[in-house]
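Each chain, written out:
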Amino acid sequence: MIYLKLIWGYLKIGLFGFGGGYAMLALIERIIVGSGWITEQMFTDIVAISQMTPGPIGINSATYIGYVAPAQSSPEFASPLWGLLGSVVCTLVVVVPSFILTIYMSHLIHRHRESLIVKGIFAGLRPVVVGLIGSAALLLMNSANFGEETSQIVTSVLICAGAFVGVYWLKVHPILVILLAGLAGYIIY
């Protein structure tokens, strides 16, 4: 049954995904797209929507995937109620393990915060998290995001560069940049 598969998939994401939502993207993509619950194009759309909505990307994507995966797996689960159940299940399953681990680990770390072992663990985790975020950036550099034609790739890179320049150097508000990039994408594509 799809709900047991979703629970198992998001239990793995909740237990082994660390470093924030972007660091978890590779794991989410491997479990969700690899299982055939959604397509790569849908995953790319979910990432884009999750970035624009309030809340962590891992939780937002779990809620959305929990809603669409049952209908994708079988026509008998096409009802919005089955999607709502999937959303609730996936969201809880991805949050609860992290919540429990955070409570336990915060107590443990507080007790041993001066330990060289704890300091060493955190020193080792920092570069891993940076690497995971870098892998998420590479994961999103696909044909679903940039297209397959050279002109689409160049246009997408120019929109991306313009957004970076607007936010970083010109100090344009990020919400305005998102709206302008969406408008540019609508007009161009």
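These figures come from a predicted structure and were not determined experimentally.

What counts, and where the lines are drawn
Residues numbered from 1 in each chain as written. Predicted model: local features only at pLDDT ≥ 70, side-chain atom pairs only at ≥ 80, totals over all residues. Heavy atoms only, no water. Helix = DSSP H or I, 4+ residues; strand = E, 2+ residues; numbered from the N terminus. Buried < 20%, exposed > 50% of the residue type's maximum accessible area, 1.4 Å probe, protein only. Contact = heavy atoms within 4.5 Å. Areas by Shrake-Rupley, 256 points an atom, 1.4 Å probe, with all protein chains shown as cover. Lys, Arg positive; Asp, Glu negative; His and termini not counted. Charge placed at Lys NZ, Arg CZ, Asp CG, Glu CD. Salt bridge = Lys/Arg side-chain N within 4 Å of Asp/Glu carboxyl O. Patch = residues over 30% accessible without salt bridge, like charges linked within 9 Å, V, L, I, M, F, W, Y side chains within 5 Å. Core = buried A, V, L, I, M, F, W, Y, C linked by side-chain atoms within 4.5 Å. Phe/Tyr/Trp six-rings, centres within 6.5 Å; stacked < 30°, edge-to-face > 60°.

S.K.: How would you sum up the overall build of the protein chain? Please name residues and give values.
M.R.: When you go through the protein chain residue by residue, the secondary structure sums to 9 helices and 0 strands. N-terminal to C-terminal, the α/β element order of the protein chain is α-α-α-α-α-α-α-α-α. Seen through its C-alpha atoms, the protein chain measures out along the principal axes to roughly 55 × 50 × 25 Å. Counting the 189 residues in the protein chain, one finds 30% classified as buried. Pairs at least 24 apart in sequence give 59% of the contacts found in the protein chain among residues at least 6 apart. Working note: accessible area of the protein chain is about 12000 Å², and carbon and sulfur atoms make up 73% of it. In the protein chain, 8 side chains carry a positive charge and 7 a negative one; their mean positions are 22 Å apart.

S.K.: Please set out the pattern of salt bridges residue by residue, giving values where relevant.
M.R.: In a structure, side chains of opposite charge can pair up when their charged atoms sit close to one another. The final tally for this structure, using the stated rule, is 1 salt bridge. Residues Lys119 and Glu114 are paired through a salt bridge, measuring 3.6 Å at the closest nitrogen-oxygen approach. Judged by its relative accessible area of 60%, Glu114 is exposed.

S.K.: For a nonpolar patch on the surface, give the residues involved together with the corresponding values.
M.R.: A cluster of nonpolar residues, Tyr67, Leu81, Leu84, Val88, Leu92, Val95, Val96, Phe99, Ile100 and Ile103, forms a patch on the protein surface that exposes about 940 Å² of accessible area. Counting residues per element, the nonpolar patch draws most heavily on helix H5 (residues 80-111), which supplies 9 residues. Look at Leu84 and you get partly exposed, because its relative accessible area is 49%.

S.K.: Requested: an account of the nonpolar core, with residues and values cited.
M.R.: Grouped together as the largest cluster of nonpolar side chains are 29 residues, with contacts concentrated most on Leu6, Tyr10, Ile32, Ile38 and Ile65. Secondary-structure elements contributing two or more residues to this core are helix H1 (2-16), helix H2 (21-32), helix H3 (40-52), helix H4 (57-73) and H5. When sequence neighbours within four positions are dropped, the list of residues in contact with Ile32 reads Tyr10, Trp37, Ile38 and Ile65.

S.K.: Residue-level account of the packing of aromatic side chains, with values.
M.R.: Aromatic ring pairs are defined here through the distance separating the ring centres and the angle between the ring planes. The tally for this structure, following the rule as stated, stands at 6 aromatic pairs. Aromatic pair Tyr3 and Phe77: ring centres 5.7 Å apart, planes at 85°, arrangement edge-to-face. Here Phe77 lies in the loop between H4 and H5 and Tyr3 lies in helix H1, a separation of 74 residues in the sequence. Neither Tyr3 nor Phe77 differs from the other in exposure class; each is buried. Consider the rings of Tyr3 and Trp82, whose centres lie 5.9 Å apart with planes at 35°: the pair is tilted. Within this pair, whereas Tyr3 is found in helix H1, its partner Trp82 is found in helix H5, the two being separated by 79 residues in sequence.

So yeah, pure geometry; function would need other evidence.
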